[in-house]
Amino acid sequence: MSLLSVRDLSISFGGLKAVDGISFDVEAGEVFTIVGPNGAGKSTIFNLISRFYQPSGGTITFAGQDITGLSAHEIAPLGIARTFQNIELFDHSTVLANLLVGRHTARRTHWIEEVLFLPRVRQEERAHRHAVEEVIDFLDLAAYRDKLIAGLPYGVRKVVEIARALASGPKLILLDEPASGLSVEETQDMAFWIEDMQKDLGITVLMVEHDMSLVTAVSTRVLAVAEGRPLAMGTAAEVQNDPKVIEAYLGTGAAA
Amino acid sequence: MKVHFKDSYDHDIDMFEDRSRALRYGLLLLVMIALPWLLSEYLLGEVTLVLIWSVAGMGLMLLAGHTGQVSLGHAAFLAIGAFSNLWFMAQGMSFWLALPLSGLLTGVVGAVIAMPILRLSGIYLAIATIALSIIVEDVAIVAEPFTGGVVGVFAEPIQAGDTMIDRYGTPALFYYLCLAVTVLVTLGYVNVLRSPTGRAFLAIRDSEVSARALGINVARVKTLAFGLSCAVTGLAGALYAHFVQVVNYESFLILISITLVLQVVIGGLGSIHGAFFGAVVVGLLPQLIAILRDVATTSFGIDIAYPGLDTALFAGIIVLMILFEPLGLYGMYFKARTYLKLFPLYRKDLFRRSKSYLKTERMR
């Protein structure tokens, strides 16, 4: 059984069909990439999976459970974490505090215990911090642990956002354009981290990305979409050479 | 410059980052305890009022400063705390039971009110909370059995064993009562901020979208923040009733709500210190103006007793604050402290706001 199954997913904004009958399966352990020109509906698919948008048709199944009817905040506890295309961090907090918010799904203390700061709260805090340190170690963020987000360079913020998603201990991570705005070196680092996530942590990765060097380096399978509809599916090379994909990017006649 | 070497997670979890800081707050508490021997009765009364304002300010700070939800109607919850406390006591309940109960009641009322109005945000939320303040003003006149109508309710002295605690009869004891409540509320506040609930509050303030993606039930956490905020404000209201000894609808006019907002903004949004700094300004400025006025009249023969001078000065201060120091008095204090700590390496643009990157607008 696939980890994530999307069947005939559709949504329209006004008259525009942003996503129009998309189906795909993400197998456990793979890196599945969605590519497509701007406005193809890639981020919309992400927002449908994380339940920010209500689909007008179709179903989303995660680990055998239909998640189409759940609320946005009920998704993370299932083991789905995500990042955003335009970084959405808590700017006035430190890196450590940001990652600790990522542990919210693992929280077991009630707010009344927390007001009194009972010994159990301290124990739980230690456990959260231990988990977060492992992520900091994994993504090499130790130098920035106590820095405020507002003062960090763009590339580091990208990594912090991924770290925050990893802190929740997900089975599936959705990366919305992890390489956008990164330099060539940073993109290479990103490729290594995605590979490590997949191989060392055993996390399934669903990614939207434009940078074909990254897509080719890490993807197990690639799905190309345009105007909300699927175009082609296969390995990165197969999809890149598909005439329909080339047409979608460059216009008719280019493939001829 | 002091460097903290962290060798355990507890270093970050503890309330004070090192021993010298714990010592400083301990000293502050000792000074506060010694105040009745150091100050005249009049000044002690002023300090008591500042403490009450601090508690009310912490209530609003939790909501406006840490959860990012503005309320321009918090006087309504001061009123609920005050009237319910006096009503409980009129039913024969002991003050020591009535105080937490009126905090609890105000919190529950706040949480219930929060459920519909926290669906609004920004300016709409502000308008809804102003409406709340106005409604409570009117209800305070209409609900005569509870609030004494236009006349108001008198506060009975507080029975503590054989002694009576009364603002005028035993000002030192009443001061200690307010100090104890202030310390307890502050401790609870600090505890919330260093645990998951507090982080969820900050998360909602800074990015609701990612808070939801991380599994935070935004509606529930906002309601909790509003409830806690109102409970704390209710406690302040109950103390305030015993401070002024008679409360009616006029004690909780919308101007009080706005003064509370000024307090947290002048003090510095997003810091507990700010609630205290703001309380000092809000509590003592009217007295300071009165003293200056007397000095001007007696020494220089200038009459500056214009009506509305206080309000104008307040307005002036807040405009200057927002223009030059958006982080408030706490921001100034923090910068001065950093300057001394880093001397002579302080850079002028150390606190310049850095460029903020574009945030996702689509899902708002």
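Bear in mind the structure is a predicted one, so any value in this text is a computation, not a measurement. (Residues numbered from 1 in each chain as written. Chains lettered and ligands numbered in written order. Predicted model: local features only at pLDDT ≥ 70, side-chain atom pairs only at ≥ 80, totals over all residues.)

Draft legend 1. Highlighting the overall build of chain B. Secondary structure summary: chain B contains 15 helices and four strands in total. Here chain B has a C-alpha radius of gyration of 21 Å; the compact-globule value for 364 residues is 21 Å, and the two agree. Referenced to the eigenvectors of the C-alpha coordinate spread, the extents of chain B come out at roughly 55 × 55 × 45 Å. By the burial criterion, 40% of the 364 residues in chain B qualify as buried. Excluding contacts between residues fewer than 6 apart, the proportion of contacts in chain B whose partners are at least 24 apart in sequence is 75%. (Helix = DSSP H or I, 4+ residues; strand = E, 2+ residues; numbered from the N terminus. Rg over C-alpha atoms; globule rule 2.2 N^0.38 Å. Buried ≥ 20, exposed ≤ 12 C-beta atoms within 10 Å, placed from the backbone. Contact = placed C-beta atoms within 7 Å.)

Draft legend 2. Region of the structure containing the overall build of chain A. Regarding its fold elements, chain A presents nine helices and 10 strands. Relative to a compact globule of 256 residues, whose C-alpha radius of gyration would be 18 Å, chain A shows 19 Å and is just as compact. Expressed along its principal axes, the backbone C-alpha trace of chain A runs to roughly 70 × 40 × 35 Å. Residues classed as buried in chain A amount to 46% of the 256 residues present. Pairs at least 24 apart in sequence give 66% of the contacts found in chain A among residues at least 6 apart.

Draft legend 3. Molecular detail of the nonpolar core. If you look at the biggest cluster of nonpolar residues, it comprises 165 residues, and the most contacted ones within it are A:A163, A:V205, B:I52, B:V55, B:A79 and B:L235. Per-element accounting of this core gives the leading share, 14 residues, to helix α11 (residues 218-244) of chain B. If we ignore the near neighbours within four places in the chain, the residues touching B:L235 are B:V55, B:G81, B:L99, B:G103, B:V181 and B:V185. (Core = buried A, V, L, I, M, F, W, Y, C linked by C-beta atoms within 7 Å.)

Draft legend 4. Local environment of unusual backbone geometry. Residues and elements named next belong to chain A. Of note, the phi angle at E177 is positive, near 50 degrees, even though the residue is not glycine. Despite not being glycine, E227 has its phi angle at roughly 50 degrees, a positive value. The class of E227 is partly exposed, set by 16 C-beta atoms lying within 10 Å.

Draft legend 5. Representation of the environment of A:A179 within the structure. Residue and element names in this part refer to chain A. By the secondary structure assignment, A179 is in the loop between β7 (172-176) and α6 (184-199). The buried category is assigned to A179, around which 23 C-beta atoms lie within 10 Å. A C-alpha to C-alpha distance of 8.9 Å links A179 and G155, two positions 24 residues apart in sequence. Those residues in contact with A179 that lie beyond four places of it in its chain are T187, M190, E209, D211 and L214.

Draft legend 6. View of the sheet that holds strand β5 (residues 65-66) of chain A. All names here are of chain A. With antiparallel pairing, four strands are arranged side by side in an open sheet as β2-β1-β4-β5. Each having just a single partner strand, β2 (16-26) and β5 make up the two edges of the open sheet. Note that strand β1 (residues 4-13) and strand β4 (residues 57-62) share five bridges and pair antiparallel. The residue bridging R7 from the neighbouring strand is T59, located in β4. The strands that helix α1 (residues 42-49) touches are β1, β2 and β4; relative to β2, the one it contacts most, it runs at about 70 degrees. (Pairing = 2+ DSSP bridges. Axes fitted to C-alpha atoms, helices over the stretch in contact; angles between N-to-C directions.)

Draft legend 7. How the structure looks around the sheet that holds strand β10 (residues 229-234) of chain A. Residue and element names in this part refer to chain A. Spatial strand order, β6-β7-β8-β3-β9-β10: six strands in an open sheet with mixed pairing. Of all strands in the sheet, those with a lone pairing partner are β6 (80-82) and β10, marking the two edges. Ignoring which end each strand starts from, the neighbouring axes of this sheet average 20 degrees apart. Relative to strand β9 (residues 221-226), strand β3 (residues 31-35) runs parallel, the two being bridged by four bridges. Of the residues in β9, the one forming a bridge with I34 is L223.

Draft legend 8. Broad picture of helix α4 (residues 75-90) of chain B. All names here are of chain B. The end-to-end C-alpha separation of α4 is 22 Å, in line with the 22 Å expected for 16 residues at 1.5 Å each. With 13 of 16 residues buried, α4 lies mostly within the body of the structure. Trailing α4 by a residue or two, G92 shows a phi angle of about 95 degrees, which is positive. (Expected span 1.5 Å × (residues − 1).)

Draft legend 9. View of the pairing of β3(A). Residues and elements named next belong to chain A. In terms of burial, β3 is a largely internal element, five of the five residues being buried. Burial of β3 is two-sided: the residues V31, T33 and V35 facing one way and the residues F32 and I34 facing the other way are all buried. Across four bridges, β3 lies against strand β8 (residues 204-208) in parallel orientation. Counted as the bridge partner of I34 is V208 from β8.

Draft legend 10. Fine view of the environment of B:W96. Residue and element names in this part refer to chain B. Here W96 lies in helix α5 (residues 95-117). On the neighbour-count criterion, W96 (12 C-beta atoms within 10 Å) is exposed. Between the C-alpha atom of W96 and that of Q159, which follows or precedes it by 63 residues, the distance is 8.7 Å.

Draft legend 11. Fine view of the pairing of β8(A). All names here are of chain A. With respect to burial, β8 is a largely interior element, five of its five residues being buried. Side-chain alternation along β8 places T204, L206 and V208 on one buried face and V205 and M207 on a second face that is also buried. One crossover worth recording links β7 to the parallel β8 by way of α6, and it is right-handed. (Right-handed = clockwise from strand over helix to strand, strands pointing away.)

Draft legend 12. Quick peek at the interface of chain B and chain A. Each side of the interface is counted separately: chain B has 33 residues, and chain A has 41 residues. A breakdown of the residues in the side of chain B that touches chain A according to their chemical character gives 16 nonpolar, 12 polar and five charged. (Nonpolar A, V, L, I, M, F, W, Y, C, P; charged D, E, K, R; others polar.)

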